[in-house]
Amino acid sequence: MLMSWIWVGIAGISILCALLTGQGSALSASVMEGAQAGVTLAVSMAGSLCLWSGVCALMEAAGVTQTLSRLFRPLLGNIFPSTRQDPQLARDLSANVCANFLGLGNAATPLGIRAAKRLKRGSTATDELCRLIVLNTASIQLIPSSVAAVRSALGCPTPFDILPAVWITSALSAGLGVGGAWLLGRVCRS
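Every value quoted in this text rests on a predicted model; they were computed, and no experiment measured them.

### Structural notes on the nonpolar core
Membership of the largest hydrophobic core comes to 26 residues, with the highest contact counts inside it found for Cys-56, Phe-72, Phe-80, Leu-93, Leu-119, Leu-132 and Leu-135. Residue assignment for this core shows that the elements contributing at least two residues are α2 (24-61), α3 (64-79), α4 (87-101), α5 (105-119), α6 (127-138) and α8 (163-189). Here this core gets six residues from one element, more than from any other, and that element is α4. Setting aside residues no more than four positions away along its own chain, Phe-80 makes contact with Leu-93, Leu-119, Glu-128, Arg-131, Leu-132 and Leu-135.

This is the structure:
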């Protein structure tokens, strides 16, 4: 709700400034240009998102996520101890991690929401739920397909030349974020 008011405030200030400085026609032209560019970008990205979302659905139907769940069990068991007693939670988290590995934030979101619902205890966020949110926000990406799709749609001839930077920054952000969430969970309980 607060973000809605912030965005309305930003838009209102922009309109007011444009009118006061006599740039109303420039504002209306840029609004139309931005809307057109947004639609063009969304349509050009749709194919890539559909492809990778379908790959995720096929992985789940073929049992790949179950296999990955067994492979990820030691790691997920340390980060999310609840996965040891809840196999469905382990599958949802594994599928979520795999979707994030592929750079599919849109496909990872429903899986993360399912896992978050299973981690929720009462009306407060558990330490595990906080770690899940941090891990989803940071998301280690091996193949940043969404970013590559955006770069390709905007005319980049080599959309995957960012891979080393993505690997380093996503691994560092996820590691530091989960470590920080774990540490804060320990400190706040003391």
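### Things to note about the confidence of the model for the protein
Residue-level pLDDT values for the protein average 83, and 97% of them are 70 or greater. Taking the mean pLDDT of every element in the protein, the minimum, 78, falls on α3 and the maximum, 90, on helix α1 (residues 2-20).

### Thoughts on the packing of α6 against α8
Interaxial distance between α6 and α8 falls to 9 Å at its minimum, and their mutual angle equals 160 degrees. Viewed along their axes, α6 and α8 adopt a mutual orientation that is roughly antiparallel. Note on packing geometry: the crossing formed by α6 with α8 is right-handed. Of the residues in α8, those touching α6 at Asp-127, Arg-131, Val-134, Leu-135 and Ala-138 are Ser-170, Ser-173, Ala-174, Gly-177, Val-178, Ala-181, Trp-182, Gly-185 and Arg-189. Within the contact of α6 with α8, the residues separate by chemical class into seven nonpolar, four polar and three charged.

### Section: the side chain of Asp-86
With respect to the element layout, Asp-86 can be found in the loop between α3 and α4. In this structure the side chain of Asp-86 is engaged in a polar contact, spanning 3.3 Å, whose partner is the backbone nitrogen of Gln-88.

### Let's talk about a nonpolar patch on the surface
A surface patch of nonpolar side chains, amounting to about 700 Å² of accessible area, comprises Leu-142, Ile-143, Phe-160, Trp-167, Ile-168, Leu-172 and Leu-176. As for its position among the elements, Phe-160 is in the loop between α7 (145-153) and α8. According to the relative accessible area criterion, Phe-160 is partly exposed, its value standing at 39%.

### Examining the environment of Arg-114
Among the secondary structure elements, Arg-114 is positioned in helix α5. For Arg-114, a relative accessible area of 36% translates into the label partly exposed. Non-local contacts of Arg-114, meaning those with residues more than four positions away in its chain, are made with Glu-60 and Asp-92. There is a polar contact of 3.0 Å between the side chain of Arg-114 and the side chain of Asp-92.

Analysis parameters
Residues numbered from 1 in each chain as written. Predicted model: local features only at pLDDT ≥ 70, side-chain atom pairs only at ≥ 80, totals over all residues. Heavy atoms only, no water. Core = buried A, V, L, I, M, F, W, Y, C linked by side-chain atoms within 4.5 Å. Buried < 20%, exposed > 50% of the residue type's maximum accessible area, 1.4 Å probe, protein only. Helix = DSSP H or I, 4+ residues; strand = E, 2+ residues; numbered from the N terminus. Contact = heavy atoms within 4.5 Å. pLDDT = per-residue confidence, 0-100. Axes fitted to C-alpha atoms, helices over the stretch in contact; angles between N-to-C directions. Parallel < 35°, antiparallel > 145°, perpendicular 65-115°, else oblique. Left-handed = near helix turned anticlockwise from the far one by under 90°. Nonpolar A, V, L, I, M, F, W, Y, C, P; charged D, E, K, R; others polar. Polar contact = N/O pair within 3.5 Å; in protein donor to acceptor, adjacent residues only side chain to side chain. Patch = residues over 30% accessible without salt bridge, like charges linked within 9 Å, V, L, I, M, F, W, Y side chains within 5 Å. Areas by Shrake-Rupley, 256 points an atom, 1.4 Å probe, with all protein chains shown as cover. Salt bridge = Lys/Arg side-chain N within 4 Å of Asp/Glu carboxyl O.

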